[in-house]
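Structural description and commentary
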Amino acid sequence: MRTTILAASIWPAIALASCNSAATGDSAPTATASAATTAGVQAGEPVELPSPAPFTAASHGTFDEPWALAFEPGTGVIFLTEKPGTMAFYDPATGRRGTVTGMPEVAYEGQGGLGAIAFAPDYADSRTIYLSWAKQVGEDTKAVVGRGVLACDAADTCEVEGLTEIWEQTRTGPRRGHYSHRIQFSPDGQYLFVSSGDRQEQDPAQDLSNNLGTVVRLNLDGTPAAGNPFAGQGSPRDQIWSYGQRNMLGFDFDPQGNLWALEHGPRGGDELNLVLPGHNYGWPVRSNGDNYSGSDIPDHTEDDGFTKPAIWWNPVIAPGGMSFYTGDMFGDWQGQLLVANLGTMSIARITTDAAANSADEVARYQFPRRLRDIAVAPDGAIWVIEDGPEGRLLRLTPA
Ligand SMILES: [Ca+2]
Ligand SMILES: [Ca+2]
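In what follows, the accompanying structure is described. (Residues numbered from 1 in each chain as written. Chains lettered and ligands numbered in written order. Predicted model: local features only at pLDDT ≥ 70, side-chain atom pairs only at ≥ 80, totals over all residues.)

Scanning the chain from N- to C-terminus turns up 3 helices and 27 strands. The C-alpha radius of gyration computed for the chain amounts to 21 Å, which stays within 12% of the reference 21 Å derived for 399 residues, consistent with globular compactness. If one aligns the C-alpha atoms of the chain with their principal axes, the spans along those axes are about 65 × 45 × 40 Å. Looking at the chain alone, contacts between residues at least 24 apart form 55% of all its contacts between residues at least 6 apart. (Helix = DSSP H or I, 4+ residues; strand = E, 2+ residues; numbered from the N terminus. Rg over C-alpha atoms; globule rule 2.2 N^0.38 Å. Contact = placed C-beta atoms within 7 Å.)

Turning our attention to the sheet that holds strand β24 (residues 358-366). Strand order in the open sheet formed by 4 strands is β21-β22-β23-β24, with antiparallel pairing between adjacent strands. Edge strands, defined here as strands with exactly one partner in the open sheet, are β21 (319-324) and β24. Taking each pair of neighbouring strands and ignoring which way they run, the sheet shows an average axis angle of 25°. As defined by bridge partners, β21 adjoins strand β22 (residues 337-341) across 5 bridges and the pair is classed as antiparallel. For F324, the partnering residue across the bridge sits in β22 and is L337. (Pairing = 2+ DSSP bridges. Axes fitted to C-alpha atoms, helices over the stretch in contact; angles between N-to-C directions.)

Moving on, we come to the sheet that holds strand β17 (residues 247-253). Pairing is antiparallel across the open sheet formed by 4 strands, whose spatial order is β17-β18-β19-β20. Each edge of the sheet is formed by a strand with only one pairing partner; in this case those strands are β17 and β20 (311-313). Across the sheet, the mean angle from the axis of one strand to that of its neighbour is 15°, orientation sign disregarded. Strand direction decides the pairing type here: β17 and strand β18 (residues 259-264), joined by 6 bridges, are antiparallel.

Next comes the structure, spelled out in structure tokens:
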């Protein structure tokens, strides 16, 4: 009963606005392909893929350097961050789209800008959302995470109210890359995990006096979680969950509750790692790739003392984002990992075995452009965003 009342009080603005949309359902005056709906979702514009795939793709509009997407719990409305510092939303059911104000000031340069978006585990009650971004600090930058409350009205706008920084990279740097700053909540909703890239500085990933090149495990308010592997050793060691990691743009829990991170290698050596507390993944001491200059970095070996990747790529796949598939629409893919790739302009489909710390790439599907992020909709459809200016929002459904 309480849930019902809350739902009605939380989402009336969205529902009202949807009724005002010209593209809504049976009252839509036009019958073009883009306005038609299938199973309650806009059809979109068909997109031709470079080679046969077990799905068809349809575009649902373009965005300005989209970086991450997430589905609002309860409504299925898609919220997308745009790297220059803006956020948009799109309702697949009606085609309605709008903007979100209250965004932070971001350091938009190189790989930096607005990053991840995640809805709090208690979003239905709290309306709290989490964002990550690159922040200017003098001549340097750092990745930060903040949270605020999402408020939407009927005028196709939403606002993030009271956005407050709750976590930061403890060492700033002059380079404009390897922020990582992907966000995941533990399946029980108790913990906030953030991937913190090495900021192209390399050595800090082995130095626990900073939190670069690590995964951190935090309480929902950004404070270090109790029980972390280096608890009691001061800050920031007390927030570090794992280390020796490079630039983790793929970051997700599998359906069994294991956390995985997919990091960019240098010249070769992209790695998918099962993220375990206290483990050291070897960067920059070991890599199955080498430096961009061509100089050697010793490969991972059985006796190197570091945790080995479950799978690695040489040449690289250059991941943008990843999501474990949970849904009915692609039933055979249940529990498999889907990686949206920048460099190889593809989706890689991967089976994982956490107990054996192994994984296999079982298929790769080519796309016409670089892919930045991927997410699974409540109905089981797969959504991806293309990288760059006028990056398209694509919905994939079985062919
Ligand atoms: Ca490694
Ligand atoms: Ca090597």
